[in-house]
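Tertiary structure, described
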Amino acid sequence: MKIKFRERLYIGFLAVFTIYTLVFIVFIVFIFIRDKNYKDEVIYKTQDIYITETANYITLNNIDENNINELAQINEIFPKELRVSILNKDGYIIYDNILPESEWTSTRKENLEVRHALISGEGKNIRTNEFNKKTYIFYAKLHNNLIIRVGYEYGVKIIKTNFYFWCAVALLYITMLIFLTSFYKKYGSAIKDLKKFVLSYYNDEIKPSKTISDDDLGDIQNLIIKLNNKLETNKKDVEVEKEKLLQHLQYAEEGISFFTFDRKNIYTNSRFIQYLNVLLETPTFDVNSIFSNPLFSEVVNYLRGAKKEKTFKTKIASNGRYFLLKVIVFEDKSFEIILKDITQTEKAHLDRTQITNNIAHELRTPVTSVRGYLETLIENETINPEKQREFISRAYSQINRLTEIIQDVALLSKVSDISRQLEKEDINIYELLEELIAIDSSEKIKDNNSKVVLEMDKNIVVKGNRTLLASALRNLGHNALKYAGEGITITINCYAEDEEFYYFSFSDNGIGVKEEYLPKIFERFFRGDEGRTRDQGGSGLGLSIVRDAIEFHHGEIIAKNKTEGGLEFLFSIRKY
């Protein structure tokens, strides 16, 4: 059974007081015994005087056993309580001023004071008289073959003194015990109140306004109140800082997710969810699914291992996107996973080296064709008119293609170089799509035996550049109609939104694109080997224009093959 603090306090005080009392009693007893012995010596000295006087009286008056009764005269000047006895050498009483003669008959040699007097000439003793049952202090001396013995009734004053003393000690002990009990009740109650006070703070109950006491316990209470107020202030400051941190994490460029040591998710920002859906084939909001996906096997192996290093880095890629994955393990074994999109960084150095070669290559083909046709016409004047018209028509077609390439390159340069100068306006996405379908693509859709389905709210409005958005949506549509096959269905929907972005899906149910081409699909002048030949025309810059237009609107775009077939573009557009 656990003993409470106030009970331990009471027991401790009681033990200390008891020990102190016992020490005090031992000390007093020691003083008392010493005082008693001193008083006994004083009595013996007084008795020695009476014995000397009696002996002198016997000597002067020649008193012996025959006339011993003459001692009664000297007894008249002695104190009445003084007992005087004369014994012969055989220990028989021959005179006693108090004891009746009928009690003189037996010898007193067995009495200690008589025996010592016979042996050494004097003897002392304190004992109870058999006749009257009173205690006497005796002092005896041998004088001329007689033993003179005097005695006082012993213990009356001393016993009274002892009784009063012990009564005083008992009273003192009881008084101190009452005081200690009162002290225990007072401070025990104060400690109990302090405990209730602390528990009320701990349980967020109503705080008592009354101070427990005006002593140290009251100071402790006031200190607890001050500490609690300081804690509340610090708690509010922490909440403010926490809110700032959460806002920072929510709008961070990286995808960030925190987990406990046993992999329970604590916090995940929206960008991490977005990147996760890019990496995984099936869209999900379950962050813990990364621990069962093969893409994240290195992370799982690292977390299972000894984790000698507090950080772990690796690169993962999927659906044409590259991500830097970083794991940070904290002291409490919780950890953080960071996903950073490095697709642009990975491709930037390729773009810088390839763009010049690609432009030169793409321009070289139509220029070479035009040059060949013209040289043939110049060098062969005898070519018949029909053949001349054919060469001129082919040269014209190549010049148109060259013009298209130059226009697309100019548009890309416009987006890259002067994007800050482009004007923005409120654009209704649904109305813009209907306009593009009706005016720009209706004939191509009809000729391809295809259809377009819009699955979105008619009131989705963003702040952007109408020319760029129209160009991006037009290129996506023309790309699907040109390369996905005939009789397809193009579906455009807005599948999600948050405070900052709308999230769109542009998909078809056509033939799709080979997986190895997905990472390159937004590269300038890229063409696949099936269906994407120069015979079908195009500058090879359409999807690059789409990507740059989306990025101008602070969004992102990725391409992925649908499980059921077809190609899907997922992109976001900032609302403002």
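From a predicted model like this one, the values you see are computed outputs, not experimental measurements.

How each quantity is defined
- Residues numbered from 1 in each chain as written.
- Predicted model: local features only at pLDDT ≥ 70, side-chain atom pairs only at ≥ 80, totals over all residues.
- Heavy atoms only, no water.
- Patch = residues over 30% accessible without salt bridge, like charges linked within 9 Å, V, L, I, M, F, W, Y side chains within 5 Å.
- Areas by Shrake-Rupley, 256 points an atom, 1.4 Å probe, with all protein chains shown as cover.
- Salt bridge = Lys/Arg side-chain N within 4 Å of Asp/Glu carboxyl O.
- Helix = DSSP H or I, 4+ residues; strand = E, 2+ residues; numbered from the N terminus.
- Buried < 20%, exposed > 50% of the residue type's maximum accessible area, 1.4 Å probe, protein only.
- Axes fitted to C-alpha atoms, helices over the stretch in contact; angles between N-to-C directions.
- Left-handed = near helix turned anticlockwise from the far one by under 90°.
- Contact = heavy atoms within 4.5 Å.
- Nonpolar A, V, L, I, M, F, W, Y, C, P; charged D, E, K, R; others polar.
- Pairing = 2+ DSSP bridges.
- pLDDT = per-residue confidence, 0-100.
- Core = buried A, V, L, I, M, F, W, Y, C linked by side-chain atoms within 4.5 Å.
- Phe/Tyr/Trp six-rings, centres within 6.5 Å; stacked < 30°, edge-to-face > 60°.
- Lys, Arg positive; Asp, Glu negative; His and termini not counted.
- Polar contact = N/O pair within 3.5 Å; in protein donor to acceptor, adjacent residues only side chain to side chain.

On the surface, Tyr20, Phe24, Leu172, Met176 and Phe179 cluster together into a nonpolar patch covering about 510 Å² of accessible area. Secondary structure elements with two or more residues in the nonpolar patch: α1 (5–60) and α4 (156–202). Broken down by element, the nonpolar patch gets its largest block of residues, 3 residues, from α4. Relative to the assigned elements, tyrosine 20 resides in helix α1. A relative accessible area of 57% means that tyrosine 20 is categorised as exposed.

Here the focus is the packing of helix α12 (residues 466–483) against helix α13 (residues 542–552). In contact at an axis separation of 8 Å, α12 and α13 are set at 145° when each is read in the N-to-C sense. The crossing of α12 and α13 is left-handed. In contact with Leu468, Ser471, Ala472, Asn475, Leu476 and Asn479 of α12, α13 contributes Gly542, Leu543, Ile545, Val546, Ala549 and Phe552. For the contact of α12 with α13, a count of residues per class yields 8 nonpolar, 4 polar and no charged.

Moving on, we come to the pairing of strand β10 (residues 335–341). The element β10 is largely enclosed, with a buried count of 5 among its 7 residues. Examined bridge by bridge, strand β6 (residues 255–259) and β10 share 5 bridges and lie antiparallel to one another. Within β10, the residue paired with isoleucine 256 across the bridge is isoleucine 338. One ladder, built from 7 bridges, connects strand β9 (residues 321–329) with β10; its direction is antiparallel. Each bridged residue has a counterpart across the sheet, and for valine 329 the counterpart in β10 is phenylalanine 335.

Moving on: unusual backbone geometry. The backbone of asparagine 145 shows a phi angle near 65°, a positive value even though the residue is not glycine. Mapped onto the elements of the fold, asparagine 145 is located in the loop between β4 (135–143) and β5 (146–153). The exposure class of asparagine 145 is partly exposed, given its relative accessible area of 48%. Phi is positive for asparagine 449, close to 55°, though the residue is something other than glycine. Within the secondary structure layout, asparagine 449 lies in the loop between α11 (442–447) and β12 (451–455). Judged by relative accessible area, which is 61%, asparagine 449 ranks as exposed.

All right, on to the sheet that holds strand β7 (residues 265–268) then. What the 5 strands build is an open sheet, ordered β7-β6-β10-β9-β8; its pairing is antiparallel. The sheet is open, and its two borders are formed by β7 and β8 (311–318), each paired with just one other strand. The average angle at which neighbouring strand axes cross in this sheet is 20°, direction not considered. Two strands pair when backbone bridges link them, and β8 and β9 are joined in this way by 8 bridges, in the antiparallel orientation. Within β9, the position partnered with lysine 313 by the bridge is lysine 326.

Scored by pLDDT, the protein has a mean of 83; 85% of the residues are at 70 or more. Overall, residues 156–160 carries pLDDT values under 50, and its contacts beyond four positions in sequence, including any with other chains, amount to 2 contacts. Counting contacts from residues 529–535, a segment whose pLDDT is below 50, to residues more than four positions away or on other chains yields 15 contacts.

Turning our eyes to something else, we now look at the nonpolar core. The nonpolar side chains of soluble globular proteins are, as a tendency, buried together. Counting residues in each nonpolar core, the largest one holds 43 residues, and the members touching the most others are Ile429, Met456, Phe504, Ile521, Phe569 and Phe571. Only α10 (429–440), α12, β14 (489–497), β15 (501–508), α13, β16 (557–561) and β17 (567–574) provide two or more residues apiece to this core. If you tally residues by element for this core, the top one is α12, at 8 residues. For methionine 456, the residues in contact, after removing those within four places along its chain, are Ile429, Tyr430, Leu433, Ile492, Asn493, Cys494 and Phe504.

Once that is clear, we can look at the packing of aromatic side chains. Working definition: an aromatic ring pair is given by the centre-to-centre distance plus the angle between the planes. Under the criterion given, the structure shown has 14 aromatic pairs. Where phenylalanine 291 meets phenylalanine 335, the ring centres are 6.2 Å apart and the plane angle is 85°; that geometry is what we call edge-to-face. Residue phenylalanine 291 is located in the loop between α6 (270–279) and α7 (297–304), and its partner phenylalanine 335 is located in strand β10; the two are separated by 44 residues in the primary sequence. Neither phenylalanine 291 nor phenylalanine 335 differs from the other in exposure class; each is buried. Aromatic side chains phenylalanine 522 and phenylalanine 569 sit 6.0 Å apart centroid to centroid with 75° between the ring planes, which places their arrangement in the edge-to-face category. Remark: phenylalanine 569 occurs in strand β17 and phenylalanine 522 occurs in the loop between β15 and α13; sequence separation between them is 47 residues. The buried category is assigned to phenylalanine 522, whose relative accessible area is 7%. A residue is classified by how much of its surface remains accessible, and phenylalanine 569, at 2% relative accessible area, is buried. Members of the aromatic cluster, joined through ring pairs, are Phe259, Phe291 and Phe335.

Another aspect to go through is the side chain of arginine 108. Along the chain, arginine 108 turns up in the loop between β2 (93–96) and α3 (112–120). Buried within the structure, arginine 108 lacks any salt-bridge partner; glutamate 103 is the closest side chain of opposite charge, at an N-O distance of 5.4 Å. Here the side chain of arginine 108 touches glutamate 103 through a polar contact of 2.6 Å, landing on its backbone oxygen. Polar side-chain contacts of arginine 108 include one of 2.4 Å to the backbone oxygen of serine 106. In this structure arginine 108 touches Leu87, Gly91, Ile93, Leu99, Glu103 and Val114, once residues within four positions along its chain are discounted.

What follows covers the sheet that holds β14. What the 5 strands build is an open sheet, ordered β12-β14-β15-β17-β16; its pairing is mixed. Among the strands making up the open sheet, the edge pair consists of β12 and β16. Recorded for the sheet is a direction-independent mean angle of 20° between the axes of neighbouring strands. Of the strands in this sheet, β16 and β17 are in contact with α13, which crosses β17 at around 30°.

Here we take up the environment of threonine 46. Residue placement: threonine 46 occurs in helix α1. Between the C-alpha atoms of threonine 46 and valine 150, which are 104 residues apart in sequence, the distance is 9.9 Å. A distance of 2.9 Å separates a polar atom in the side chain of threonine 46 from the backbone oxygen of valine 42.

What follows concerns the pairing of β16. For β16, the tally of buried residues reaches 4 of 5 residues, placing the bulk of the element in the interior. Pairing geometry for β16 and β17, over 5 bridges, is antiparallel. By the bridge assignment, alanine 559 is partnered in β17 with phenylalanine 569.

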